[in-house]
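Overview (structure and organization)
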Amino acid sequence: PRIEWPESKVDGIVIQKLSVSGFPIVLDHTSLVEARIRLGGVLGSAGDAGDAESWLCFRGADAKGPWLFWLTSVEINGAAIGGFIWKRINPKAPVEPNCPLLRGQNPIKLQLDLRLGTTKSHVLRLLGAPSMVRDQELFYMHEREETIEGTTYTISNGFEVMVRDGVVVQIAAIEYSSS
């Protein structure tokens, strides 16, 4: 799946770190290939040059039903994981064979107290007003300058929370840097 990220950038909360089945990930730093080695799965890819994207897909379930989870990388991220999409799916949807099952209680842990099934009111108490709202998607966008070894980079980070019937059904995040 794709997210159409807004261009608006403001100061605010970001998601840069998560763990999947105990494997720590830092967006725009941790290698997608290293994640495949540690977590399993089949590396998928599409596009070329500026449209290139790669991903790993996983599946799981909680008390509220099944979900899919993708670790994603686009051309600007190089070999690093640049984001993720965690999405509630229909229980009758066919099982994707290239998406191995993540076992254990809560195998996905974000740096914020945010999960599928969280209420919209909890999201707003935790994060405050979003940078932008589109339909039922709440976007939190952030941009900052950082100097690394004498070069100034613009670090762009954003996350999206999609809500249906008052509960979170999708969480996504991106991070990339440019000089």
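Here we summarise the structure given alongside this text. (Residues numbered from 1 in each chain as written. Predicted model: local features only at pLDDT ≥ 70, side-chain atom pairs only at ≥ 80, totals over all residues. Heavy atoms only, no water.)

Things to note about the pattern of salt bridges
Definition in use: Throughout this description, the term salt bridge denotes a Lys or Arg side-chain nitrogen within 4 Å of a carboxyl oxygen of Asp or Glu. To sort residues, take the accessible area from a 1.4 Å probe on protein chains only and compare it with the maximum for the residue type: under 20% means buried, over 50% means exposed, and anything in between is partly exposed.
In this structure the tally under the stated criterion is 3 salt bridges. One salt bridge in this structure joins Glu137 and Arg134, with 3.6 Å as the shortest N-O distance. Take Arg134: its relative accessible area is 24%, and that puts it in the partly exposed class. Among the ionic pairs, Arg144 bridges to Glu146, the shortest N-O distance being 3.3 Å. Taking relative accessible area as the criterion, Arg144 reaches 22% and is therefore assigned partly exposed.

Quick look at a nonpolar patch on the surface
Rule in force here: Without a salt bridge and with relative accessible area above 30%, a residue can belong to a patch; like charges are then joined within 9 Å and nonpolar side chains (Val, Leu, Ile, Met, Phe, Trp, Tyr) within 5 Å. Throughout, the Shrake-Rupley method with a 1.4 Å probe supplies accessible areas, and for residues the shown protein chains are the sole cover considered. Starting at the N terminus, helices and strands are each numbered in turn, a helix being any DSSP run of H or I of at least four residues and a strand any DSSP run of E of at least two.
There is a patch of nonpolar side chains on the surface, built from Val33, Ile37 and Leu43 and spanning about 260 Å² of accessible area. Topologically, Leu43 is positioned in the loop between α1 (32-39) and β3 (44-46).

A look at the nonpolar core
Quick reminder of the rule: In plain words, nonpolar cores are sets of buried Ala, Val, Leu, Ile, Met, Phe, Trp, Tyr and Cys residues tied together by side-chain atoms within 4.5 Å.
In terms of nonpolar packing, the biggest core is built from 33 residues, with Phe69, Leu71, Phe84, Trp86, Leu110, Leu114 and Phe159 touching the most fellow members. In this structure, Leu68, Trp70, Cys99 and Ala172 belong to the second largest nonpolar core, which totals 6 residues.

Observations regarding the state of the cysteines
Just so we agree on the cut-off: The disulfide criterion used throughout: a pair of cysteine sulfur atoms within 2.5 Å.
One pass over the structure, following the stated rule, counts 1 disulfide. Paired through a disulfide, Cys57 and Cys99 show a sulfur-sulfur distance of 2.0 Å. Measuring handedness by torsion sign, the sulfur bridge of Cys57 and Cys99 sits at about 95° and is right-handed. Here Cys57 is found in strand β4 (residues 53-62), whereas its partner Cys99 is found in the loop between β6 (83-88) and β7 (108-110), with 42 residues between them in sequence. Each member of the pair, Cys57 as well as Cys99, carries the same accessibility label: buried.

Notes on the environment of Leu126
Assignment of secondary structure puts Leu126 in helix α2 (residues 120-127). C-alpha of Leu126 to C-alpha of Cys99: the two residues are 27 residues apart in sequence and 31 Å apart in space.

Examining the pairing of strand β10 (residues 151-164)
Let me state the cut-off plainly: In this scheme, strands are said to pair when DSSP sees at least two bridges between them.
Within β10, 10 of the 14 residues are buried, which leaves the element mostly enclosed by the surrounding structure. As judged from the 12 bridges shared by strand β9 (residues 137-148) and β10, these two strands associate in the antiparallel manner. Across the sheet, residue His142 finds its bridge partner in β10, namely Asn157. Linking two consecutive strands that pair antiparallel, namely β9 and β10, is a turn of 2 residues; a positive phi of about 50° is found at Glu149 within it. Joining the antiparallel neighbours β10 and strand β11 (residues 167-178) is a turn of 2 residues, in which Asp165 adopts a positive phi near 50°.

Comments concerning the layout of surface pockets
Where we set the bar: In this analysis, the protein atoms alone were mapped onto a 1 Å grid. Cavities are point sets where a 1.4 Å probe fits without being able to get out; pockets are open sets with protein on both sides within 12 Å along at least five of seven lines; lining residues have an atom within 4 Å of a point. Grid points are joined across faces, edges and corners, and a volume is the space filled by probe spheres set on the points. Residues are grouped as follows: nonpolar covers Ala, Val, Leu, Ile, Met, Phe, Trp, Tyr, Cys and Pro; charged covers Asp, Glu, Lys and Arg; every other residue, Gly included, is treated as polar.
Here the second largest pocket defines a volume of roughly 160 Å³. Arg59, Pro66, Trp67, Ile89 and Val95 are, among the 14 residues lining the second largest pocket, the residues nearest its centre. Within the lining of the second largest pocket, the residues separate by chemical class into 10 nonpolar, 2 polar and 2 charged.

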